[in-house]
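So the chains spell out like this:
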Amino acid sequence: MAGKKRIPSGLYTASEAIKIIGVSPSTFYKLVNTGKINRVIPEGKREGGYRKQEVNLYVRNRKAMNAPYEMVTLDFGLALAEDLPQVFDLVSRVSDGHAVPEVVLKAWIRKNPQSVYVLRHKDEVVGYVSGFVLPMETLMLRMDGTRLNAEIPIDDILPIDTPGPVPFYIAEMAVKFSQESIRRGKPVPSAQLGKILFEHTFNLIAKDLPKQGCMIGELYAVGSSDFGIKMCKRLGMHPIEGLTKGVRADRMPCKISINEAMQSLLFNRMSNRSKAA
């Protein structure tokens, strides 16, 4: 096409590099500004580009660092008593010690065996999620911070087959720190394990619990860490309207109706993936 600017064969344009790396334009230009990806302007040319070899190497390295569990088998299922010490240790590590004590986890399971789930790699617990049906009064005391998770009265946890639709509270979610973030000295939860745990949590809420007679009307959670808030947003949840008590920059009480969740693009995409599995 006449007037179309050409770029040397060994370079990608910015749009090509962004597509190959799989990030947003703003994230891509942060990589450029910090020197992780270099812009090259060939001699005698006005337009620059990005070396294909460098971009491809960045993609390979990023995949190797961020997806250590891609080729291993992970199992998701109900937690056993012997899993609980690992669950407590996992949550303590990623939440600066703010974990539900083992004795409370055991009480949750005694009251409702379907309340605690773990993601395992062989004998290691690498992820965890817990949740149950609560009366609305108790639930709102948790949302506004009046009660901590460990202070929820055990007798208030309702049977999984309570006639619905019912409010379902996601109490905790946690995954291991990524290996790369540990090497950098700034541990953060593994994005890939978070994605895997999210997929299993979706299937639990959308498919498995309804088969057990749990007809969910709304999902509730409190995001109290960067990871927790991201997971709430990933589930499509939004801040509870009119609630001011217990709301801070680092604490987001939120909810979503199950109908709204099912209609969201994210849930539809996850549903299609689960049907194809």
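Structure: above.
Residues numbered from 1 in each chain as written. Predicted model: local features only at pLDDT ≥ 70, side-chain atom pairs only at ≥ 80, totals over all residues. Heavy atoms only, no water.

## Quick word on the nonpolar core
For step 1, the next point in the chain: Core analysis: the biggest nonpolar cluster contains 34 residues, and Phe-168, Ile-170, Leu-209, Cys-214, Ile-216 and Met-237 have the highest contact counts within it.
For step 2, the next point in the chain: Not counting residues within four places of it along the chain, the set of residues in contact with Met-237 comprises Leu-219, Tyr-220, Ala-221, Cys-232, Cys-254, Lys-255 and Ile-256. (Core = buried A, V, L, I, M, F, W, Y, C linked by side-chain atoms within 4.5 Å. Buried < 20%, exposed > 50% of the residue type's maximum accessible area, 1.4 Å probe, protein only. Contact = heavy atoms within 4.5 Å.)

## As for the side chain of Thr-162
For step 1, the next point in the chain: By secondary structure assignment, the location of Thr-162 is in the loop between helix H6 (136-143) and strand E7 (166-175).
For step 2, the next point in the chain: Judged by relative accessible area, which is 18%, Thr-162 ranks as buried.
For step 3, the next point in the chain: A distance of 2.7 Å separates the side chain of Thr-162 from the backbone oxygen of Pro-159, its partner in a polar contact. (Helix = DSSP H or I, 4+ residues; strand = E, 2+ residues; numbered from the N terminus. Polar contact = N/O pair within 3.5 Å; in protein donor to acceptor, adjacent residues only side chain to side chain.)

## So, the packing of aromatic side chains
For step 1, the next point in the chain: Enumeration according to the criterion identifies five aromatic pairs in this entry.
For step 2, the next point in the chain: On the numbers, 5.5 Å between centres and 5° between planes, the contact of Phe-76 with Tyr-117 is stacked. Note that Phe-76 is positioned in strand E4 (residues 75-78) and Tyr-117 in strand E5 (residues 116-121), a separation of 41 residues in sequence.
For step 3, the next point in the chain: For Phe-76, a relative accessible area of 22% corresponds to the partly exposed category. (Phe/Tyr/Trp six-rings, centres within 6.5 Å; stacked < 30°, edge-to-face > 60°.)

## Quick notes on the sheet that holds strand E2 (residues 39-40)
For step 1, the next point in the chain: Strand order in the open sheet made by the three strands is E1-E3-E2, with antiparallel pairing throughout. A single partner strand is all that each edge strand has here, and the edge strands are strand E1 (11-12) and E2.
For step 2, the next point in the chain: Across two bridges, the pairing between E2 and strand E3 (residues 49-51) is antiparallel. Note that in E3 the partner of Arg-39 across the bridge is Tyr-50. (Pairing = 2+ DSSP bridges.)

## What about the packing of helix H1 (residues 14-21) against helix H2 (residues 25-33)?
For step 1, the next point in the chain: Where H1 meets H2, the axes come as close as 10 Å, and the angle between the chain directions of the two elements is 105°. In this view, H1 runs roughly perpendicular relative to H2, as classed from their interaxial angle. In this structure, H1 contributes Ala-14, Ala-17, Ile-18 and Ile-21 to the contact, and H2 contributes Pro-25, Phe-28 and Tyr-29.
For step 2, the next point in the chain: Partitioning the contact of H1 with H2 into residue classes produces seven nonpolar, no polar and no charged. (Axes fitted to C-alpha atoms, helices over the stretch in contact; angles between N-to-C directions. Parallel < 35°, antiparallel > 145°, perpendicular 65-115°, else oblique. Nonpolar A, V, L, I, M, F, W, Y, C, P; charged D, E, K, R; others polar.)

## Some words on the packing of helix H8 (residues 191-211) against helix H9 (residues 226-234)
For step 1, the next point in the chain: Packing of H8 against H9 brings their axes to within 11 Å, and their N-to-C directions diverge by 45°. By the angle between their directions, the pair H8 and H9 is classed as oblique. Both H8 and H9 take part in a crossing whose hand is right-handed. Seen from H8, the contacting residues are Gly-194, Lys-195 and Phe-198; seen from H9, they are Phe-227, Met-231 and Arg-234. (Left-handed = near helix turned anticlockwise from the far one by under 90°.)

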